[in-house]
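# Geometric and topological summary
The lines below spell out each chain.
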Amino acid sequence: MTAHALDGGFADPARDAAFAFRAVMTAMSRPGEIATVNGAFGPAPMSPAAAATLLTLCDMDTGLHLAGEHDCEPVRGWVAFHTGAPVTDKAKASFALGSWQDLLPLADYPVGTAEYPDRSTTLIVECSQLSTAGATLKGPGIESTATLSLPEIQGFVANHRLFPLGLDFIFTCGDRLASLPRSTEVSECM
């Protein structure tokens, strides 16, 4: 095991894990709202927000797909040491991590079944920027509308049409994150 695998994690595990969990759950319940998470870091190219998200959501029972530059030995070692999550292919992934282009096509991931809609993948999308400007969002957790910078529109429109099946998304940039659950309707900026 390399030295980077042991680095990172939460500096104050109990406190930082609680704050990270709350940030992720708040983001999931309030689509388009951007939260800040601190206290965790992983090896490049993983952002601190992505590291905190993985530490919060992944464990030895949740398959993780690493895409593109994120599929490297330092990240694999870090994930194994800190979460125990097995690295898997897209078809078996509970979670996936990478840039938008590296994670495509979305059709390769499980979207759940009628009996078990929760057996779908949550994609953790590393972004170069994250802002509350861009696509218009409507749905549960949003009073009227919200806006969020998204890498595209059509993939999210098609994903919402699958509801109650579909994928969920967490966007990370630096120490910030936002989410887009499958229940959220996406349209061009009004």
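Here, the structure is the one placed above.
I will try to describe carefully the structure that is included in this document. (Residues numbered from 1 in each chain as written. Predicted model: local features only at pLDDT ≥ 70, side-chain atom pairs only at ≥ 80, totals over all residues. Heavy atoms only, no water.)

## Digging into the overall build of the protein chain
- Secondary structure assignment for the protein chain yields 6 helices and 11 strands.
- Computed over the C-alpha atoms, the radius of gyration of the protein chain is 16 Å, within 12% of the 16 Å expected from 2.2 N^0.38 for a compact globule of 190 residues.
- For the protein chain, the spread of C-alpha atoms along the three principal axes comes to 50 × 30 × 30 Å.
- For the protein chain, the computed accessible surface area is about 8,900 Å², with 55% contributed by carbon and sulfur atoms. (Helix = DSSP H or I, 4+ residues; strand = E, 2+ residues; numbered from the N terminus. Rg over C-alpha atoms; globule rule 2.2 N^0.38 Å. Areas by Shrake-Rupley, 256 points an atom, 1.4 Å probe, with all protein chains shown as cover.)

## Focus on the pattern of salt bridges
- Overall, the coordinates contain 5 salt bridges when judged by the stated rule.
- Glu33 serves as the salt-bridge partner of Arg30, at 3.5 Å between the closest nitrogen and oxygen. (Salt bridge = Lys/Arg side-chain N within 4 Å of Asp/Glu carboxyl O.)

## Considerations on the packing of helix 2 (residues 13-29) against helix 3 (residues 48-57)
- Running from N to C, helix 2 and helix 3 point in directions that differ by 95 degrees, and their axes come no closer than 9 Å. Taken together, the axis directions place helix 2 and helix 3 in an arrangement best described as roughly perpendicular. Side by side, helix 2 and helix 3 meet where Ala20, Phe21, Val24 and Met25 of the first sit next to Ala52, Thr53, Thr56 and Leu57 of the second.
- For the contact of helix 2 with helix 3, the per-class residue count stands at 6 nonpolar, 2 polar and no charged. (Axes fitted to C-alpha atoms, helices over the stretch in contact; angles between N-to-C directions. Parallel < 35°, antiparallel > 145°, perpendicular 65-115°, else oblique. Contact = heavy atoms within 4.5 Å. Nonpolar A, V, L, I, M, F, W, Y, C, P; charged D, E, K, R; others polar.)

## A word on the packing of helix 3 against helix 4 (residues 73-82)
- Axis separation between helix 3 and helix 4 bottoms out at 10 Å; the angle between their running directions is 35 degrees. Crossing geometry of helix 3 relative to helix 4 is assigned as right-handed. Residue-level contacts link Ala51, Leu54 and Leu55 of helix 3 to Trp78, Val79 and His82 of helix 4. (Left-handed = near helix turned anticlockwise from the far one by under 90°.)

## A short note on the sheet that holds strand 4 (residues 64-66)
- On the basis of which strands lie adjacent, the open sheet formed by 6 strands has the order 2-10-9-6-5-4 and mixed pairing. Here the strands that pair on one side only, and so sit at the sheet edges, are strand 2 (35-36) and strand 4.
- Pairing of strand 2 with strand 10 (residues 176-180) involves 2 bridges; the strand directions are antiparallel. The residue of strand 10 that forms the bridge with Ala35 is Leu177.
- Those strands touched by helix 2 are strand 2, strand 9 (168-173) and strand 10, and its axis lies near 40 degrees from that of strand 10. (Pairing = 2+ DSSP bridges.)

## Re the nonpolar core
- Counting residues in each nonpolar core, the largest one holds 29 residues, and the members touching the most others are Met46, Leu54, Leu64, Trp78, Val79, Leu97 and Leu177.
- Elements with a contribution of two residues or more to this core: helix 2, helix 3, strand 4, helix 4 and strand 5 (95-99).
- With 7 residues, helix 3 is the single largest residue contributor to this core.
- One finds Leu130, Ala146, Leu150 and Ile153 within the second-largest nonpolar core, a separate group that totals 26 residues. (Core = buried A, V, L, I, M, F, W, Y, C linked by side-chain atoms within 4.5 Å. Buried < 20%, exposed > 50% of the residue type's maximum accessible area, 1.4 Å probe, protein only.)

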